[in-house]
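# A closer look at the structure
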Amino acid sequence: MPAEIKGLNEECGLFGIWGEANAAQLTYDGLHSLQHRGQEGAGIVSNDQGQFYRHRGLGLLAEVFRDSETIHQLYGTSAIGHVRYATAGNHGVENIQPMLFSHDEVGEFALAHNGNLTNADTIRGELREKGVTFQATSDSELLGELVTTSDEDGFINQLKASLNHIHGGFAYLLMTPHMMVAALDPNGFRPLVVGKMPDGATVICSETCALDQVGASFVRDVEPGEIIIVTDEGMKIDHFTTDTHLALCSMEYIYFARPDSIIRGISVHEARKRMGALVARENPVKADVVLGVPNSSLSAAIGYAQESGIPYDMGMIKNQYVARTFIEPTQAKRDRGVSMKLSVVKSVVAGKDIVLVDDSIVRGTTSKYIVRLLKKAGAKSVHVRIASPALKFPCYYGIDIQTTKELIAANNTIPEICTQIEADSLAFLSVPGLIKAIGDLNDADNHGLCTAYFDGNYPTPLYDYQAGFDAEVARLGLYEGANTGD
Ligand code: SF4
């Protein structure tokens, strides 16, 4: 199910390469496999011996680079690129990355960002006081402005000081005339990996599926608090902080990442199958057939079928060829999007008791639409099984749901949701089940996952979002046990 229909959006994908003749083309190819992380804009900056070339625009990558000549005019042996999902009010082309900054020492640098800063308002205020005027309205520019106005000596020291000044979820790729630099926040909320091309060029990108796409082999994950500096002399691993605590976003495994990606040694497809198996074990039901909502729930549906012994079948198909209109995230457009994207295979569904496996429920309207579709096609009963826990809390680390108003599970009990989506039964995976399904991320202290969306256990203080969170607590009164990492 496309992100724009479900209403749950990741905020960007990153790809960079250093030391390869075809740098811009490979960056395009890598970004193509990261398109699921952002569909509203794309951009590439290339570097030809210190001369930067940039092309960026609104829309899918193929729309932005429709004219094949555009890529060929991005000269050079290094490039960084970005695909973007924009939060409301951030739709202008000025917000499309990579962004460019002038710098006293290095001349010029490009920057691309995945994530969300929790102290962005404070930093924007501080920078305004220093006389900074902003190129754009998104948070992504702030790190670049902090670097250019830093009092430290040298680009890397300025970058380290700036990274220590920002908070929240962030993965960055930067490029100066002489180096490519990657940085990951102290909790490592977002995946970021390093790979090598067969001829030795270095690739850094959001997911391993992009390494596979360009023929690079996996070298390592970028660790929380690290900066990785790539030059013609090779790769150097450095830190801006060692005060780190892994809390990788569990939604990456549930929904955001591509199933063929491997995050911190764990296959996304296999983790989803285990989520499906565990939701089957926790919430068994008698039925004739298991269906998954295409495409992001298919792995979990296979896992449910294997565990329960109920056959899996392809009861729904996704129309791949629906013309894409520019996404305005309204419910009316989402409803229309679902009706154009999904169809039911009647022979699989008619007269059957069905287990419908989905990866998550956000607003509930999509689920209701799908249950109705199945019943219209003759399903006797539809038992909905969600292969993740109920979404009850806002995310402040890079997902565009920062209020609980739209989250159906924050405002209703499970029986109420079941009635609203017109299902015959409804159950979610438990939080311990989710953690077990993903597995051990080798963090010294705990499981190494962020589960705040489900249980309100925020791994960091919320800074500028604390007042908004407190208002949510007061409004709903269901946050007993919630913890904001203070
Ligand atoms: S709050 Fe949820 S979506 Fe946000 S980082 Fe944590 S697990 Fe991921």
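Along every chain, residues carry numbers that run from 1 in the direction the sequence is written. Only residues with pLDDT of at least 70 get local features here, since the model is predicted, and only at 80 or more are side-chain atom pairs given and counted; chain-wide, interface and lining totals rely on the full set of residues. Side-chain calculation: all heavy atoms of the structure are included, whereas hydrogens and water are not.

## Description of the overall build of the protein
Secondary structure assignment for the protein yields 19 helices and 23 strands. When accessible area is computed with a 1.4 Å probe and restricted to protein chains, residues below 20% of their type maximum are described as buried, those above 50% as exposed, and intermediate ones as partly exposed. Counting over 486 residues, the protein shows a buried share of 59%. By definition in these notes, contact holds between two residues if any of their heavy atoms fall within 4.5 Å. At a minimum sequence separation of 6, the contacts of the protein that also span at least 24 residues come to 70%. For accessible areas, the Shrake-Rupley method is used with a probe of radius 1.4 Å. Any residue's cover is judged against the shown protein chains and nothing else. By element, 49% of the accessible surface of the protein is carried by carbon and sulfur atoms, the whole surface being about 18200 Å². Charge counting treats Lys and Arg as positive and Asp and Glu as negative, with His and both chain ends excluded. To locate a charge, take NZ of a lysine, CZ of an arginine, CG of an aspartate or CD of a glutamate. The distance from the centre of the 40 positive side-chain charges to the centre of the 60 negative ones in the protein is 11 Å. Secondary structure elements are defined from DSSP: runs of H or I of at least 4 residues count as helices, runs of E of at least 2 residues count as strands, and each element is numbered from the N terminus.

## Observations concerning the sheet that holds strand β13 (residues 234-239)
Pairing between two strands is assigned when DSSP locates at least 2 bridges connecting them. With respect to topology, 6 strands assemble into an open sheet ordered β5-β6-β7-β8-β12-β13, the strand pairing being antiparallel. At either margin of the open sheet sits one strand with a lone partner, and together these are β5 (99-103) and β13. Across the sheet, the mean angle from the axis of one strand to that of its neighbour is 20°, orientation sign disregarded. Axis lines are fitted to C-alpha atoms, over the contacting stretch for helices. Their N-to-C directions set the angle, which ranges from 0 to 180 degrees. Where helix α6 (residues 141-148) meets the sheet, its contacts fall on β5, β6 (107-117) and β7 (168-176), and the angle it forms with β5 comes to roughly 5°.

## A word on unusual backbone geometry
Residues Gln97 and Pro98 are joined by a peptide bond in cis, for which omega reads 0°. Inspection of the secondary structure assignment puts Pro98 in the loop between β4 (78-84) and β5. In this structure, Glu422 is a non-glycine residue whose phi angle is positive, near 65°. Within the secondary structure, Glu422 is located in the loop between α16 (414-420) and β22 (425-428). A positive phi angle, close to 50°, is found at Tyr463, a residue other than glycine. Mapped onto the elements of the fold, Tyr463 is located in the loop between α18 (452-455) and α19 (466-476). Owing to a relative accessible area of 36%, Tyr463 belongs among the partly exposed residues under this scheme.

## Here we look at the side chain of Ser206
Relative to the assigned elements, Ser206 resides in the loop between β10 (202-205) and α8 (208-214). Its relative accessible area of 1% is what places Ser206 among the buried residues. At a separation of 2.8 Å, a polar atom in the side chain of Ser206 contacts the main-chain amide nitrogen of Leu14. Apart from residues no more than four positions distant in its own chain, Ser206 is found in contact with Gly13, Leu14, Leu34, Arg37, Pro191 and Leu192. The term polar contact refers here to a pair of N or O atoms within 3.5 Å; inside protein, the definition further demands a hydrogen-donor-capable atom paired with an acceptor-capable atom, and it admits residues adjacent in sequence only when both atoms are side-chain atoms.

## Here we look at the pattern of salt bridges
Pairing is possible between side chains that carry opposite charge, provided their charged atoms lie close to one another. One side-chain nitrogen of Lys or Arg within 4 Å of one carboxyl oxygen of Asp or Glu is enough to make a salt bridge. As enumerated under the stated definition, the model contains 15 salt bridges in all. Residue Arg258 is joined to Asp260 by a salt bridge in which the shortest nitrogen-to-oxygen separation is 2.8 Å. By relative accessible area, which is 38% here, Asp260 ends up partly exposed. For Glu422, the salt bridge identified is with Arg372, shortest N-O distance 2.8 Å. With a gap of 50 residues between them, Glu422 in the loop between α16 and β22 and Arg372 in helix α14 (residues 365-376) connect regions that are remote in the sequence. Glu422 gets classed as partly exposed once you look at its relative accessible area, which sits at 31%. A single salt-bridge network, built from bridges that share partners, covers Arg37, Arg190, Glu207 and Glu252.

## Things to note about the site of the ligand
In the neighbourhood of the ligand, the contacting residues comprise Phe189, Arg190, Cys249, Ser250, Met251, Cys395, Tyr397, Ile399, Cys450, Ala452 and Tyr453. The set of elements that each furnish at least two residues to the shell around the ligand consists of α9 (250-256) and α18. Classifying every residue of the shell around the ligand gives 9 nonpolar, 1 polar and 1 charged. For this description, a residue counts as near a given molecule or strand if any of its non-hydrogen atoms is within 4 Å of it. Three residue categories are used. Nonpolar comprises Ala, Val, Leu, Ile, Met, Phe, Trp, Tyr, Cys and Pro, charged comprises Asp, Glu, Lys and Arg, and polar comprises the others, including Gly.

## Brief notes about the packing of aromatic side chains
Stacked, edge-to-face and tilted are the three classes for Phe, Tyr and Trp ring pairs, Trp counted by its six-membered ring, which pair at centre distances within 6.5 Å; planes under 30 degrees apart are stacked, over 60 edge-to-face, the rest tilted. All chains considered together, the criterion is met by 13 aromatic pairs. On the basis of an interplanar angle of 15° and a centroid distance of 5.1 Å, the ring pair of Phe101 and Phe109 is categorised as stacked. Note on Phe109: relative accessible area 0%, which makes it buried. Taken together, the ring pairs in this structure connect Phe189, Tyr396, Tyr397, Tyr458, Tyr465 and Phe469 into an aromatic cluster.

## With respect to the domain arrangement of the protein
For every domain, the bounds stem from an assignment made automatically or drawn from a database. One can read the domain layout of the protein as domain 1 (7-245) and domain 2 (264-319 + 328-441). Taking only C-alpha atoms into account, the centre of domain 1 sits 33 Å from that of domain 2.

## Re the packing of helix α5 (residues 120-129) against α6
Where α5 contacts α6, the axes come no closer than 11 Å and their chain directions differ by 40°. Regarding the angle of α5 to α6, the classification is oblique. Where α5 crosses over α6, the two elements pack in a sense that is left-handed. For the pair α5 and α6, the contacting residues are Ala120, Ile123, Arg124 and Leu127 in the first and Leu142, Glu145 and Leu146 in the second. Our angle categories are set so that under 35 degrees counts as roughly parallel, over 145 as roughly antiparallel, 65 to 115 as roughly perpendicular, and the remainder as oblique. Handedness of each helix crossing follows the sense of rotation of the near helix against the far helix: counterclockwise by less than a right angle gives left-handed, clockwise gives right-handed.

## So, the nonpolar core
Ranked by internal contacts, the top residues of the largest apolar core, which has 54 residues, are Met251, Tyr253 and Met275. For this core, the elements supplying multiple residues, two or more each, are β14 (248-249), α9, α10 (268-282), α11 (298-308), β20 (353-358), α17 (431-438), β23 (449-450) and α18. Sorting elements by how many residues they give to this core places α10 first, with 6 residues. Met275 has contacts with Tyr253, Ile254, Ala387, Leu429, Leu434, Ala437 and Ile438, leaving out every residue within four places of it along the chain. We define the nonpolar core as a collection of buried residues of types Ala, Val, Leu, Ile, Met, Phe, Trp, Tyr and Cys that are connected through side-chain atoms lying within 4.5 Å of one another.

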